[in-house]
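Results of the structural survey
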Amino acid sequence: MKELFVPLVVSALLIAMCLYLHFKVLRKASREIPQLQDNIRYPILIVMTVIFVTHLVEIVLFAIAFWIMAVTGLGSLNGAHNSTAADYLYFSIASYTTLGIGDITPEGAMRLVAGIEALTGLLLIAWSASFTYLTMERIWSPQEE
């Protein structure tokens, strides 16, 4: 039961944090970006930077959760790693982006959280792409390049 309950609770908390963060950041960006009275490059660069940093923060949240799970004995990473912060971050990036290289694999409760991270990342990346498209459509004019 613990093998299922703990990763589901951890995943639910991470999903809630990521969705809330993503919503708040995109909502603030949607209010602020139209107020910029500059050429097309500046608002789009801001949108892309804000989205990129937001995804990095979400990845770090999952990496911290993986580290905590490993420290508390709820799972481990196997393969080519030294259990450093960089290894947890790398694994989280590979999971979030659904890259799944396979040189580091999760064991125990981490397996379920890694799978849910991939689904969460897919959802949030699609949301970001949609937001970027709608923002570009709103501020892009045929005369500007």
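Residues numbered from 1 in each chain as written. Predicted model: local features only at pLDDT ≥ 70, side-chain atom pairs only at ≥ 80, totals over all residues. Heavy atoms only, no water.

Digging into the overall build of the protein chain
- Helices and strands together make up the secondary structure of the protein chain, namely 4 helices and 2 strands.
- Taken along the three principal axes of its C-alpha coordinates, the protein chain extends 60 × 30 × 20 Å.
- Put simply, the protein chain has 145 residues, and 37% of those count as buried.
- Considering only residue pairs separated by 6 or more positions, the protein chain has 78% of its internal contacts joining residues 24 or more positions apart. (Helix = DSSP H or I, 4+ residues; strand = E, 2+ residues; numbered from the N terminus. Buried < 20%, exposed > 50% of the residue type's maximum accessible area, 1.4 Å probe, protein only. Contact = heavy atoms within 4.5 Å.)

Describing the pattern of salt bridges
- All told, the structure shown has 1 salt bridge when counted by the stated rule.
- A salt bridge links Lys28 to Glu32, with the shortest nitrogen-to-oxygen separation between them at 3.6 Å. Here the residue Lys28 and the residue Glu32 both occupy positions in helix H1 (residues 2-32), the gap between them amounting to 4 residues, near one helical turn. (Salt bridge = Lys/Arg side-chain N within 4 Å of Asp/Glu carboxyl O.)

Focus: the packing of aromatic side chains
- Summed over all chains, the structure comprises 1 aromatic pair.
- Measuring from centroid to centroid gives 5.1 Å for Phe66 and Phe91, while their planes differ by 70°, and the two rings are edge-to-face. Of this pair, Phe66 sits in helix H2 (residues 41-71) while Phe91 sits in helix H3 (residues 85-96); the two residues are 25 residues apart in sequence, bridging distant segments of the chain. For the residue pair Phe66 and Phe91, the accessibility class agrees, reading buried in each case. (Phe/Tyr/Trp six-rings, centres within 6.5 Å; stacked < 30°, edge-to-face > 60°.)

Let's talk about the confidence of the model for the protein chain
- Summary statistics for the protein chain give a mean pLDDT of 90 and a share of 91% for residues scoring 70 or more.
- Summarising per-element confidence for the protein chain, the mean pLDDT is lowest in strand S1 (residues 75-79) (92) and highest in H3 (95). (pLDDT = per-residue confidence, 0-100.)

Details of the packing of H3 against helix H4 (residues 110-139)
- Close contact between H3 and H4 brings their axes to 7 Å; oriented N to C, the two are set at 55°. It follows that H3 is oblique to H4 by the angle criterion. Taking contact as the criterion, the partners of Tyr88, Phe91, Ser92, Ser95 and Tyr96 in H3 are, on H4, Met110, Ala114, Glu117, Ala118, Gly121, Leu122, Leu124 and Ile125.
- Residues of the contact of H3 with H4, tallied by class, amount to 9 nonpolar, 3 polar and 1 charged. (Axes fitted to C-alpha atoms, helices over the stretch in contact; angles between N-to-C directions. Parallel < 35°, antiparallel > 145°, perpendicular 65-115°, else oblique. Nonpolar A, V, L, I, M, F, W, Y, C, P; charged D, E, K, R; others polar.)

Considering the side chain of Ser11
- You can see Ser11 is positioned in helix H1.
- Leaving out residues up to four positions away in the same chain, Ser11 has contacts with Val113 and Ile116.

Some remarks on the side chain of Ser92
- In this structure, Ser92 sits in helix H3.
- Setting aside residues up to four positions removed in sequence, Ser92 forms contacts with Ile59, Phe62, Ala63, Phe66 and Glu117.

Structural notes on the environment of Met136
- Here Met136 shows up in helix H4.
- A residue is classified by how much of its surface remains accessible, and Met136, at 28% relative accessible area, is partly exposed.
- Spatially, the C-alpha atoms of Met136 and Ile15 are 27 Å apart, while their sequence positions differ by 121 residues.

Things to note about the environment of Val25
- Within the secondary structure layout, Val25 lies in helix H1.
- The sequence separation of Val25 and Thr54 amounts to 29 residues, and the corresponding C-alpha distance is 7.5 Å.

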